[in-house]
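# Descriptive structure summary
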Amino acid sequence: MERVDGRKPGQMRPVKITRNFNKYAEGSVLMEVGDTRVICTATVEERVPPFRQDTGMGWVTAEYGMLPRATGVRTSRDLTRGKGRTQEIQRLIGRSLRSVVDLSALGERTVILDCDVIQADGGTRTASITGAFVALVDALAHLVGEGLIPYLPVKDFVAATSVGRVNGELVLDLCFAEDSSAEVDMNVVMTGEGRLVEVQGTGEEASFTREELNRMLDLAAEGIRLLVDYQKEVLGPALVSQIGSKGEMSDETGTGHTQSG
């Protein structure tokens, strides 16, 4: 099958991560996946949500938004502060990042990841997760550099991509044209070690078999492996060597609490 942009079924779109995109934030990147572009900024606050107070534990959360002309037609600004789709996406981003952070080593402080889509062509939530991880690492490295935490509290890498069935063919990294016509659409979040963090799969007026599910997960795993390799390249060996270097860390993620992000 020839895809709309000429790619092979298992081929990802070009990916580019530009670090230090915002001079004010503790960590920031411009994440580009094909024509999708997301600005991910990490802000450190010396406070935690009420449910975290006096626990000695930190928190990582996310907010997500899309500029009005990020899409082909203007979309009104989301003035409801995270309802419906927006809330679902920002919670996904927050869960994904918390899955690889040792929150006990963060102390009672919060890292907020703002993911702002400036141009959307499919895969904005997966691009946000992949880019926000790099911004998060830079923000946590900033805390280490300031002597506020003893080591980089990151247990593993995390990245995400989409897979689906389009015109009967299983394909990796769907652009908008493919996503809007897909028979099956799935978002997959995985760690650098290949452990699953989240799988969101939906049959769009169709169903899929267990065999297809396994094949899509394999396809996503290969794409995520490439994304993690690129994250490592962008971060550089000095930071990469510190990720997971503390071995057995706390598995506390706090996902059992009700939160806004």
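Residues numbered from 1 in each chain as written. Predicted model: local features only at pLDDT ≥ 70, side-chain atom pairs only at ≥ 80, totals over all residues. Heavy atoms only, no water.

### Looking at the sheet that holds strand 6 (residues 158-166)
Spatial strand order, 7-6-8-9: four strands in an open sheet with antiparallel pairing. Of all the strands in the sheet, just strand 7 (169-172) and strand 9 (196-203) have a single pairing partner and so form its edges. Going across the sheet, the axis of each strand differs from the next one's by a mean of 15°, ignoring polarity. The pairing of strand 6 with strand 8 (residues 184-191) spans eight bridges and is antiparallel. (Pairing = 2+ DSSP bridges. Helix = DSSP H or I, 4+ residues; strand = E, 2+ residues; numbered from the N terminus. Axes fitted to C-alpha atoms, helices over the stretch in contact; angles between N-to-C directions.)

### What about the pairing of strand 9?
Both strand 8 and strand 9 contribute to a ladder of seven bridges, which runs antiparallel. The residue of strand 9 that forms the bridge with Met 186 is Gly 201.

### Some points on the side chain of Thr 130
Positionally, Thr 130 belongs in helix 2 (residues 124-145). Residue class for Thr 130 comes out buried when judged on its relative accessible area of 1%. At 3.1 Å, the side chain of Thr 130 forms a polar contact with the backbone nitrogen of Ala 160. (Buried < 20%, exposed > 50% of the residue type's maximum accessible area, 1.4 Å probe, protein only. Polar contact = N/O pair within 3.5 Å; in protein donor to acceptor, adjacent residues only side chain to side chain.)

### A closer look at the UniProt feature "binding site: phosphate" (unreviewed entry) in the chain
When the UniProt feature table is mapped onto this chain, "binding site: phosphate" (unreviewed entry) is found at Arg 85, Gly 123, Thr 124 and Arg 125. Across 41 residues, the annotated set stays spatially compact, with a maximum C-alpha separation of 13.7 Å. Turning to its location among the elements, Arg 85 is positioned in helix 1 (residues 85-98). If sequence neighbours within four positions are ignored, Arg 85 has contacts with Tyr 64, Met 66, Thr 124 and Arg 125. By relative accessible area, which is 6% here, Thr 124 ends up buried. Sequence-distant contacts of Thr 124, defined by excluding residues within four places in its chain, comprise Thr 36, Val 38, Tyr 64, Met 66, Arg 85 and Val 117. (UniProt positions renumbered as here; feature names shortened; annotations may be inferred. Contact = heavy atoms within 4.5 Å.)

### Brief notes about the pattern of salt bridges
In the structure shown here, the tally under the stated rule is 15 salt bridges. Notably, a salt bridge pairs Glu 32 with Arg 37, separated by 3.1 Å at the nearest N-O pair. By relative accessible area, Arg 37 is classed as partly exposed at 24%. (Salt bridge = Lys/Arg side-chain N within 4 Å of Asp/Glu carboxyl O.)

### Details of the nonpolar core
Within the largest apolar cluster, 64 residues are counted, with the highest numbers of intra-cluster contacts made by Val 60, Leu 97, Val 111, Leu 113 and Phe 133. Ignoring any residue separated from it by four or fewer positions in sequence, one finds Leu 113 in contact with Thr 41, Ala 42, Val 60, Thr 61, Ala 62, Glu 63, Leu 97, Ala 132, Ala 135 and Leu 136. (Core = buried A, V, L, I, M, F, W, Y, C linked by side-chain atoms within 4.5 Å.)

### Observations regarding the packing of helix 1 against helix 2
Where helix 1 meets helix 2, the axes come as close as 10 Å, and the angle between the chain directions of the two elements is 40°. Of the possible angle classes, the one that applies to helix 1 and helix 2 is oblique. Between helix 1 and helix 2 the crossing geometry is right-handed. Where helix 1 approaches helix 2, its residues Arg 85, Glu 88, Ile 89, Leu 92, Ile 93, Ser 96 and Leu 97 are matched on the opposing element by Thr 124, Arg 125, Ser 128, Ile 129, Ala 132, Phe 133 and Leu 136. (Parallel < 35°, antiparallel > 145°, perpendicular 65-115°, else oblique. Left-handed = near helix turned anticlockwise from the far one by under 90°.)

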